[in-house]
Amino acid sequence: QDLTPLTVVVLGASGDLAKKKTYPALFGLYLRNLLPKNTIIYGYARSHMELNDFKKRISSYLKGDESKKQEFLSMCFYHSGKYDEKASYDQFSEILKKSEEKWNSTSVNRLFYMAIPPSIFLEVSKGIHDSLILKSGGWSRIVVEKPFGKDLDSSRHLVTSLKKLFMEKDLFRIDHYLGKEMVQNLMVLRFANSVFEPLWNKQHISSITITFKENIGTEGRGGYFDEFGIIRDVMQNHLMQVLSLVAMEPPVSMSADDITNEKVRLLRCIQPVRLDETVFGQYLGNDKIPGYLDDEGVPKDSITPTYAAAVFWVNNPRWRGMPFILKCGKALDERKTEVRIQFKAPENFLFKDQDITRNELVMRIQPGEAVYLKLLTKKPGLENTIEQTELDLSYKNRFENLDLPDAYERLILDSIKGDHNLFVRDDELDIAWQIFTPLLEQMEKRHLKPEPYEFGSRGPKSADELSKRFGFQRSTGY
Ligand code: BG6
């Protein structure tokens, strides 16, 4: 572990992301003793706030022992400054220098965490570059959060503008799905077990479905969400990352570059999504629950989708002709993210007279991390019937004292270590946008209205029909 003193600067410290994710993750690392002994965490934002009020604001989301919480909070400071004014950053720079001098160390590292809205991304980056990065004596790294643009052009603009300011090695683009335990387990499952590889192709698999469901609506985030919609918010990034890991060829090694090279190669084989193979929806409200259009910040005539399902085709020898179905939505019947691999029925099937389902391998990313394989077995007893059962590897039952770190904990730790493995590379981002931009443009040009669906339902009716059209068979149980 690097013991060099560390200053973490959280830009946008008064915002939601900082409060709900960044600070709790830093606290998690503190509890695990993974921050250097000499660490300070400086929040920077526009809002004027007394330090104590700021601490109160963040402490409501910190979970753990009270005395540890107080120790952690004593490392936290707050400075209010403008985002678009060099003088503000210069003043802040002096404050940082003074705090760091107390350590009396020849080197200090600085980690800048940008928890800010995309509209001020570039001005803040410029502020960091001009006034805050260290010129010598330690590293300065920048952690950035999506959205990385709205389409191919804006993403390219962002990438090139950031490139002028920072080197790729110092930039850490977060896709927090990559920090999730089960997402990391995908490569282990695929490449460390010999039983899967021979089956992992279109000869044996009939479809792969990746589902992201939330049982809450936009809840006050409507202003942000309406500009982006579910395709940009979840599908283009989180679900494409999962798809890449499920479908890529084995990398040459486990190095960050080799893994990303394989992901990029895979993404390059994916054809742009077609409108006639897409379903999108928007949730309605009822007497008790507000609908999407009732959310503050959402225009009453918004046609932004809160649900999307789309089919992807990977044009390579392993997958050509086999559908990948991606589905994501808010305000649905449950919270669940999973990968569902549905196998083909055996040839010359002997049990034609019985109602049987296909084998499925399910990797549940959250909640309740699990891997399970649906199998058919003979019902025990005298009858000759077949029933579906599961080989079940639920983490909760399998691993004692399970204490899984939050995705953000792992990612912040990796950025401190300088490990790029779980971060998004610029070319990866570019290709992901190439897959979606034609669809997004068509939807917007033609002003296509999303299909309404009930809050708490499975989503638009056409989404299940889409899966069925591409051969997915719904099974019972689990
Ligand atoms: C974020 C999206 O990136 O991911 C949110 O902006 C979404 O809209 C969230 O709710 C889901 O993350 P998780 O970790 O709760 O699945």
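Model, not experiment: these values are computed from the prediction. (Residues numbered from 1 in each chain as written. Predicted model: local features only at pLDDT ≥ 70, side-chain atom pairs only at ≥ 80, totals over all residues. Heavy atoms only, no water.)

(A) Spotlight on the overall build of the protein chain. A count of helices and strands for the protein chain gives 13 helices and 15 strands. Compactness check: the protein chain gives a C-alpha radius of gyration of 24 Å against a globular reference of 23 Å for 478 residues, within 12% of the reference. Considering only C-alpha atoms, the protein chain reaches an extent of 80 × 50 × 45 Å along its principal axes. Each of the 478 residues in the protein chain was classed as buried or not, and the buried ones make up 55%. The contacts of the protein chain with a sequence gap of at least 6 include a subset with a gap of at least 24, amounting to 77%. Surface summary for the protein chain: the accessible area is close to 22400 Å², and the carbon and sulfur share equals 51%. In the protein chain, which carries 67 positive and 67 negative side-chain charges, the distance between the mean positions of the two groups comes to 1 Å. (Helix = DSSP H or I, 4+ residues; strand = E, 2+ residues; numbered from the N terminus. Rg over C-alpha atoms; globule rule 2.2 N^0.38 Å. Buried < 20%, exposed > 50% of the residue type's maximum accessible area, 1.4 Å probe, protein only. Contact = heavy atoms within 4.5 Å. Areas by Shrake-Rupley, 256 points an atom, 1.4 Å probe, with all protein chains shown as cover. Lys, Arg positive; Asp, Glu negative; His and termini not counted. Charge placed at Lys NZ, Arg CZ, Asp CG, Glu CD.)

(B) Representation of helix 5 (residues 121-132) in the model. The end-to-end C-alpha distance of helix 5, which contains 12 residues, comes to 15 Å, matching closely the 16 Å that a straight helix rising 1.5 Å per residue would cover. Taken together, the buried positions of helix 5 are Phe-121, Val-124, Ser-125, Gly-127, Ile-128, Ser-131 and Leu-132. End-on view of helix 5: buried residues confined to an arc of 165 degrees, all on one side of the axis. (Expected span 1.5 Å × (residues − 1). Arc of directions from axis to C-beta.)

(C) Focus on the nonpolar core. Core analysis: the largest hydrophobic core is formed by 143 residues, its most contacted members being Tyr-23, Phe-72 and Phe-312. Considering each element in turn, this core owes the most residues, 12 residues, to helix 8 (residues 222-247). (Core = buried A, V, L, I, M, F, W, Y, C linked by side-chain atoms within 4.5 Å.)

(D) Focus on the side chain of His-176. Here His-176 is to be found in the loop between strand 6 (171-174) and helix 7 (181-192). A relative accessible area of 17% means that His-176 is categorised as buried. Discounting chain neighbours no more than four positions away, the residues touching His-176 are His-238, Ala-407, Tyr-408 and Leu-411.

(E) A look at the sheet that holds strand 2 (residues 39-45). Taking strand neighbours across the sheet as the criterion, the 6 strands line up as 3-2-1-4-5-6 in an open arrangement whose pairing is parallel. Each having just a single partner strand, strand 3 (76-80) and strand 6 make up the two edges of the open sheet. Strand after strand, the sheet turns through a mean of 20 degrees between neighbouring axes, direction not considered. Where strand 1 (residues 6-11) and strand 4 (residues 109-114) come together, 6 bridges link them in parallel fashion. In the sheet register, Val-10 faces strand 4, and the bridge partner there is Tyr-113. Along the sheet, helix 5 contacts strand 1, strand 4 and strand 5 (140-145); its crossing angle with strand 4, the most-contacted strand, is approximately 165 degrees. (Pairing = 2+ DSSP bridges. Axes fitted to C-alpha atoms, helices over the stretch in contact; angles between N-to-C directions.)

(F) Seen up close, a nonpolar patch on the surface. Taken together, the side chains of Leu-393, Phe-399 and Leu-402 define a hydrophobic patch exposed on the protein surface, amounting to about 230 Å² of accessible area. Relative to the helices and strands, Leu-402 is located in the loop between helix 10 (395-398) and helix 11 (407-417). (Patch = residues over 30% accessible without salt bridge, like charges linked within 9 Å, V, L, I, M, F, W, Y side chains within 5 Å. Salt bridge = Lys/Arg side-chain N within 4 Å of Asp/Glu carboxyl O.)

(G) Representation of the sheet that holds strand 10 (residues 323-329). Taken together, 9 strands build an open sheet; the order of strands is 14-13-12-11-7-10-9-8-15 and the sheet is mixed. Every other strand in the sheet has two partners, leaving strand 14 (386-394) and strand 15 (451-453) as the edge strands with one partner each. Strand after strand, the sheet turns through a mean of 20 degrees between neighbouring axes, direction not considered. Sheet topology note: the strand 9 (residues 307-313)/strand 10 ladder contains 7 bridges and is antiparallel.

(H) Spatial organisation of the site of the ligand. Around the ligand sit Lys-146, His-176, Tyr-177, Lys-180, Phe-212, Glu-214, Arg-221, Asp-233, His-238, Lys-330, Arg-335 and Gln-366, and those are all the residues in its vicinity. Lys-146 is positioned such that a nitrogen or oxygen atom in its side chain is 2.6 Å from an oxygen atom of the ligand. Contacts to the ligand include Lys-180, whose side-chain N or O atom sits 2.6 Å from an oxygen atom. Considered on its own, the ligand offers 400 Å² of accessible surface; in the complex 83% of this is hidden by protein. Partitioned by chemical class, the residues of the shell around the ligand number 2 nonpolar, 3 polar and 7 charged. (Near = heavy atom within 4 Å. Polar contact = N/O pair within 3.5 Å; in protein donor to acceptor, adjacent residues only side chain to side chain. Nonpolar A, V, L, I, M, F, W, Y, C, P; charged D, E, K, R; others polar.)

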